[in-house]
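# Overview (structure and organization)
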Amino acid sequence: MSHPWQRTAQGANLMGPDGSLGVTIFEEITTLANQHQAINLGQGFPDEDGPAELSRLAQEAIARGNNQYAPGKGILDLRNAIAEHQNRFYGITLDPEHEVIVTTGATEAIAAAILALTGPGEEVLTFEPFYDSYGAMIGLSGARHTTAALLPPDFMPDLATLENSFSPRTKMVIINNPHNPTGAMFPLEVLTEVVRLAIKYDAVILTDEVYEHLTFGPTHIPVATLPGARERTLTISSAGKTFSFTGWKIGWLSGPAELVSAARTVKQFLSYSSGTPFQSAIAAGLRLEDDYFTDTAATLAHKRDILGEGLRAAGFDVYLPQGTYFINADTQKMGITDATALARKLPELIGVAAIPVPVFCHPEGALRTRSLLRFAFCKKVPLLEQAAERLATLKDKL
């Protein structure tokens, strides 16, 4: 009988073949990056703070004495601001009292929803590649993790065969849109088909929309806005991505009252509550003018293009993302089929670090994505320009 930690590790691809606990590839690549003073484009966290005004509000909240537990479901001002945000951007109406909870980052919202609503004998379907925390939590819940492949160049599922990934045991389908690690944004036809199948198989939809404002062209479509979706959809987002305050760990979950209260039942025994002084600051952030949101995306698009150019100069095939912090590059054109081996060499070879995409997959998916690397471009422009210069030297060094 496996213990919960083993199922968690297994689900997130952390187990060695002999059952020993390995370090995550993130940790391994970061260690190599530090060792060789490489520019670390592996992990997706910004290297500069978000709006100074929000930092000031958090400091004022601390000085005012807002330092004790927030209510379990989050302070009312932030729940109101989340409801206002969903209405303002997407026309979704929420009752802040029963349909919104504040969580310790999107990570806790994902954990609470999966642990609350799925278990042994059931299946949870995700697209593949998948963000590792989904695999870890599905493993912890004891459910079976099934996947549907996202296929390059645009990383879309094959709609003709998508239904084959569903079964009467499919209890939940998780959509990450915009999608990490591929940078894909799912258009209406893909989301509509997922909703149709979720209704047909009576599955809950968990939609992780943390990159909702970090998009480059296409407009983000929340799943909850689609016909028939709302009553079975839990939507997650976070201040970490929208405002570049990843260390504040403020996320939220919204949807129908009975699904939200199920998640909250688990959430209150994970962290109960957190980040009281940050919650009021984020409430102000969600009420910022539209310009803030559009400017942030435009700045990020410029950064994407700098890194994209550098990767093309290096000889990679580059898949330009439509959203997120991440860009994928294919090594196949350079005669390299093992991106994981290359990722381990890059920090020493050219002083740039990236994450291999196969780590976001089950074995079959890892084979399909074995030549892909993921680079993060949520860094300062001079650093990205330097990374692009270093990448341009790769061809000669291979």
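Preceding block: the structure.
Attention now moves to the overall build of the protein chain. Scanning the protein chain from terminus to terminus reveals 15 helices and 13 strands. For 398 residues, the compact-globule estimate of 2.2 N^0.38 gives 21 Å, and the protein chain sits close to it at 21 Å. Each of the three principal axes of the protein chain carries a C-alpha extent, and together these read 60 × 50 × 40 Å. Expressed as a percentage of the 398 residues in the protein chain, the buried residues total 57%. Taking all contacts inside the protein chain whose residues are at least 6 apart in sequence as the whole, residues at least 24 apart take part in 75%.

Our next topic: unusual backbone geometry. The residue after N177, namely P178, is reached through a cis peptide bond having omega -10°. Along the chain, P178 turns up in the loop between β5 (170–176) and α7 (188–200). Residue P181 is bonded to the preceding N180 through a cis peptide linkage, with omega at 15°. Relative to the helices and strands, P181 resides in the loop between β5 and α7. Residues other than glycine seldom take positive phi values, yet N13 does so here, at roughly 60°. Within the secondary structure layout, N13 lies in the loop between α1 (4–11) and α2 (25–35).

Looking at the element boundaries, A83 is found in helix α4 (residues 76–90). On the basis of relative accessible area, A83 is assigned to the buried category, the value being 9%. C-alpha of A83 to C-alpha of L286: the two residues are 203 residues apart in sequence and 9.8 Å apart in space. Look past the residues within four positions of A83 in its chain and what remains in contact with it is I92, L94 and P96.

This part takes up the pairing of strand β10 (residues 326–330). For β10, a buried count of five out of five residues is recorded, marking the element as mostly surrounded by other parts of the structure. Going residue by residue along β10, you find F326, N328 and D330 tucked away on one face and I327 and A329 tucked away on the opposite face as well. Bridging between strand β9 (residues 317–319) and β10 involves three bridges; their strand directions are antiparallel. Bridging across to β10, V318 finds its partner in A329. Across five bridges, the pairing between β10 and strand β13 (residues 372–376) is antiparallel. When the sheet's bridge partners are listed, A329 is paired in β13 with L373.

Reading across from one edge, β2-β8-β7-β6-β5-β3-β4 is the order of the seven strands in this open sheet, with mixed pairing throughout. Since the sheet does not close on itself, it has two edges, and those belong to β2 (100–104) and β4 (144–149), each with one partner. Averaged over all pairs of adjacent strands, the angle between strand axes in this sheet comes to 25°, irrespective of strand direction. Helix-sheet contacts for α7 involve β3 (123–128), β5 and β6 (204–208), and the interaxial angle to β5 is about 165°.

Direction vectors running N to C along α2 and helix α12 (residues 339–350) enclose 30°, while the axes themselves pass 7 Å from each other. Relative to α12, the element α2 is oriented roughly parallel. The two elements α2 and α12 cross, and the hand of that crossing is right-handed. Mapping the contact onto sequence places I25, E28, I29, L32 and A33 in α2 and T340, A343, R344 and P347 in α12. When its residues are assigned to classes, the contact of α2 with α12 shows six nonpolar, one polar and two charged.

The rules behind these values
Residues numbered from 1 in each chain as written. Predicted model: local features only at pLDDT ≥ 70, side-chain atom pairs only at ≥ 80, totals over all residues. Heavy atoms only, no water. Helix = DSSP H or I, 4+ residues; strand = E, 2+ residues; numbered from the N terminus. Rg over C-alpha atoms; globule rule 2.2 N^0.38 Å. Buried < 20%, exposed > 50% of the residue type's maximum accessible area, 1.4 Å probe, protein only. Contact = heavy atoms within 4.5 Å. Pairing = 2+ DSSP bridges. Axes fitted to C-alpha atoms, helices over the stretch in contact; angles between N-to-C directions. Parallel < 35°, antiparallel > 145°, perpendicular 65-115°, else oblique. Left-handed = near helix turned anticlockwise from the far one by under 90°. Nonpolar A, V, L, I, M, F, W, Y, C, P; charged D, E, K, R; others polar.

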